[in-house]
Amino acid sequence: MSHDDNKMHAPGTFVLALIFLLWFIVIYFVQWFALWDNWPIG
Amino acid sequence: MKDYSHQFRTCETTGLKIHLPAQKLIWVNAVSAVVFLLVGAVMAILIALTRWPAVHLLPQHLFYRFITAHGMNMLVFWIVFFEMAGLIFGASAVLKTRFPAIKFAWFNWILMIIGALLVNYAIFVQGVDVMFTAYPPLKGTPLYYLGIILFAVGALFYSFQFFFAVGIAKKEGWHQGTLPLFTFGMLVAAIIAVFTLLEGAVTFVPTFLWSVGIIPESWMLDSTALYRMHFWAFGHSAQQINLAAMVAIWYLLGTLTVGAKPVNQKLSRIAFLLYIIAINLGSIHHLLVDPGLTSTYKIVNTTYLAFAAVIGSLIHAISIPAAIETAQRKKGLTNGLFEWLTKGPWSDPGWSGMIISFVIFGFIGGVTGILMSTEQLNVLHHNNLRVPGHFHATVVGGTALAFMAVAYYIIPLVLQRKLISKTLAKIQPYIFGLGILMVIMGMTFAGLMGVPRRHWNIELPGIFGGADAMLAIMGVGAIIAFIGLLIFIGIAVLSVFFGEKIPSKMEVHNPPFPVKEGVSDRKTATT
Ligand code: HEM
Ligand SMILES: [Cu+2]
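Everything numeric in this text was worked out from a predicted model, so none of it was measured.

Facing 23 residues of chain A, the contacting portion of chain B comprises 23 residues. Summing both partners gives a buried area of about 2200 Å² for chain A against chain B, and 78% of it is carried by carbon and sulfur. On the surface where chain A and chain B come into contact, there are 0 salt bridges. Along the contact surface separating chain A from chain B lie 6 residue pairs in polar contact (both at pLDDT 80 or more).

Laid out in structure tokens, this is it:
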């Protein structure tokens with residue numbers, strides 16, 4: 001088995017990871033806005 | 001050494017050497033798991049239909065009793081029995097080795113089954129309504145706690161037996177070198193299990209003594225905060241076991257469905273090890289509004305320390321799809337970014353179950369879990385329906401579905417029975433996935449509107465009107481998910497008992513790396 005055979009080649013996975021990151025960022029900020037909405041200060 | 005060479009059969013598909021006494025043990029643990037899944041499923045549909053205001057099925061007292069039965073039968077008995085089957089499989093067939101101490105293993109199963117039956121007896125006959133967490137002053141009967149203790153002892157013994165079996169595989173020369181990744185993952189699960197079950201003893205032995213009157217009421221009432229902390233040192237670590245087992249199964253399914261090989265084994269192993277380091281870190285997310293703990297303690301535990309486990313999961317989240325993508329691309333599915341995924345074997349329930357479980361676990365369960373562990377954000381949903389919304393994404397859409405997906409392989413390959421209906425198996429992960437997704441969404445959004453968890457009737461306060469639609473989505477989803485579970489249970493049980501037998505060759509199998517005569521064990525271990 002040549003070395004290349006074993007090499008990871010996964011551009012799709014990389015894009016999926018970016019989508020996941022984006023999704024996380026969106027949900028994360030939505031939570032803080034929801035908190036702000038539910039527990040207004042002042 | 002005794003001669004075990006005639007106790008093996010060779011699996012024609014995988015080439016695995018299966019030790020027949022181990023196969024029986026896998027059978028009995030897997031079948032037990034599915035039986036308790038059925039009890040848990042019936043409870044699930046009943047409580048879900050009660051929480052759907054338009055139906056509001058059960059009377060008040062039965063609602064709390066059945067929530068208790070649902071939590072225990074699902075999260076403890078179904079999941080843990082299945083994991084025991086996984087431990088035995090990982091320490092025998094995967095290593096092509098014999099499983100030692102067969103009688104002890106049967107004894108452990110008996111302990112666990114008696115424990116599980118006692119708990120169900122206590123709930124259904126004696127009327128224990130303490131719910132999954134059993135926080136004092138809620139008090140069960142002695143048999144309830146005794147049942148949990150017996151079950152936990154059996155599982156603890158199985159974990160020790162797993163270590164012993166791996167040791168025997170090396171010592172007797174059945175297996176050499178590093179452990180295969182699946183077995184390694186199960187080893188991590190077993191190590192976490194030891195910690196978890198010891199914490200379980202710290203939690204349930206005192207409550208047992210309280211229930212029989214040895215520990216006075218006043219002591220227990222003074223120690224409720226301590227109970228809650230120990231309960232979650234046990235309860236959350238138990239979820240780390242489920243996590244490690246599920247991830248190990250994802251790797252296995254990647255291999256079984258499309259021949260994926262981990263692209264960087266070392267990194268995957270490090271990611272598993274992070275689960276051990278993070279064994280109990282993060283468990284305080286259950287106590288973020290608990291007045292007994294300081295903010296500093298909560299924040300350090302649930303953010304900085306818990307991230308060790310999160311990083312582990314993120315590594316797996318890349319390495320599993322990357323392995324699958326690499327394998328698929330090698331087969332020529334190279335068009336665009338996602339042909340490897342879109343042209344996957346979608347009619348193989350092992351594949352569809354794995355992918356759906358991966359997506360529900362990662363995109364919903366994982367993300368919501370991290371957010372809920374943030375102290376400030378936690379007040380948004382503490383004890384409301386978003387909490388079950390979150391954990392039905394992790395332990396149900398994630399773990400339970402992954403277990404079902406791998407069962408479609410275990411039944412033919414290990415238990416030697418053809419599935420009685422391939423067509424039903426094909427659609428089952430989609431039905432269950434859709435249903436549980438609706439349950440998750442319904443719970444999550446109802447929770448966002450403030451609907452509390454574990455409440456029989458939310459009409460009384462009259463302030464959750466807008467949530468009715470969400471609870472209806474949850475109710476309809478529950479019906480669909482329930483059908484999905486029934487299909488799985490039907491296929492599993494009928495196949496195991498009545499499915500066509502798959503013949504297999506009995507083949508003499510000896511340790512391929514025999515221990516040389518006259519060489520001491522220690523020396524072989526180091527050479
Ligand atoms: C058809 C599938 C399922 C449905 C429809 C379902 C539905 C529900 C509902 C309605 C609740 C009560 C929520 C509340 O009022 O607080 C609940 C609680 C729970 N479920 Fe499920 N569930 C399902 C499967 C599972 C599975 C497979 C597991 C475990 C692997 C599980 C674990 C739990 C736990 C631990 C609780 C909390 C019990 C408690 O609060 O004491 N569920 N589920
Ligand atoms: Cu937890």
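A separate point is the site of ligand 1. Residue and element names in this part refer to chain B. Among the 27 residues in the neighbourhood of ligand 1, the closest are listed as R51, H70, F132, H392 and R454. At a separation of 2.9 Å, an oxygen atom of ligand 1 approaches a polar side-chain atom of R51. At a separation of 2.8 Å, a nitrogen atom of ligand 1 approaches a polar side-chain atom of H70. Mapped by element, the contributors of at least two residues to the shell around ligand 1 are α1 (20–51), α2 (60–91), α14 (386–413), α15 (422–448) and α16 (468–498). Ranked by residues supplied to the shell around ligand 1, first place goes to α2 with 7 residues. Residues belonging to the shell around ligand 1 are distributed by class as follows: 21 nonpolar, 3 polar and 3 charged.

Turning next to helix α12 (residues 349–372) of chain B. Residue and element names in this part refer to chain B. The largest bend along α12 measures about 30° and falls at F361. Taking burial as the measure, the 24 residues of α12 include 20 buried ones, the bulk of the element. Of the residues flanking the start of α12, the one acting as N-cap is D348, its side-chain oxygen 2.7 Å from the backbone nitrogen of G350.

Residue and element names in this part refer to chain B. Around the copper ion (ligand 2), the donor atoms from the protein are H236 (ND1), H285 (NE2) and H286 (NE2), and they sit 1.9 to 2.1 Å away. Within one chain, the residues serving as donors to the copper ion (ligand 2) are arranged as H-x48-H-H. Here the residue H236 occupies a position in helix α7 (residues 224–258), and H286 occupies one in the loop between α8 (265–277) and α9 (295–305), the gap between them amounting to 50 residues. We classify H236 as buried; its relative accessible area is 11%. The class for H286 is partly exposed, based on a relative accessible area of 23%.

With that settled, consider the coordination of the iron atom of ligand 1. All names here are of chain B. The protein atoms donating to the iron atom of ligand 1 are H70 (NE2) and H392 (NE2), with metal-donor distances spanning 2.0 Å. For the iron atom of ligand 1, the 6 donor atoms are set out with angles of 87 to 179° between them, so the coordination reads as octahedral. Taken as a pair, H70 in helix α2 and H392 in helix α14 lie far apart in primary sequence, 322 residues in all.

Residues and elements named next belong to chain A. Nonpolar side chains collect at one region of the surface, where F14, L18, L21, I25, F29, F33 and W36 lie side by side and expose about 800 Å² of accessible area between them. Along the chain, L18 falls in helix α1 (residues 11–38). On the basis of relative accessible area, L18 is assigned to the partly exposed category, the value being 44%.

Cut-offs applied
Residues numbered from 1 in each chain as written. Chains lettered and ligands numbered in written order. Predicted model: local features only at pLDDT ≥ 70, side-chain atom pairs only at ≥ 80, totals over all residues. Heavy atoms only, no water. Contact = heavy atoms within 4.5 Å. Buried area = accessible area lost by both parts, 1.4 Å probe. Salt bridge = Lys/Arg side-chain N within 4 Å of Asp/Glu carboxyl O. Polar contact = N/O pair within 3.5 Å; in protein donor to acceptor, adjacent residues only side chain to side chain. Near = heavy atom within 4 Å. Helix = DSSP H or I, 4+ residues; strand = E, 2+ residues; numbered from the N terminus. Nonpolar A, V, L, I, M, F, W, Y, C, P; charged D, E, K, R; others polar. Bend = angle between axes of the 7 residues up to and from the residue. Buried < 20%, exposed > 50% of the residue type's maximum accessible area, 1.4 Å probe, protein only. Donors = N, O, S within 2.8 Å, 3.2 Å for Na, K, Ca; no water. Tetrahedral: all angles 85-135°; square planar, octahedral: opposite > 155°, others 65-115°. Patch = residues over 30% accessible without salt bridge, like charges linked within 9 Å, V, L, I, M, F, W, Y side chains within 5 Å. Areas by Shrake-Rupley, 256 points an atom, 1.4 Å probe, with all protein chains shown as cover.

No statement about biological role is implied by the geometric values presented.
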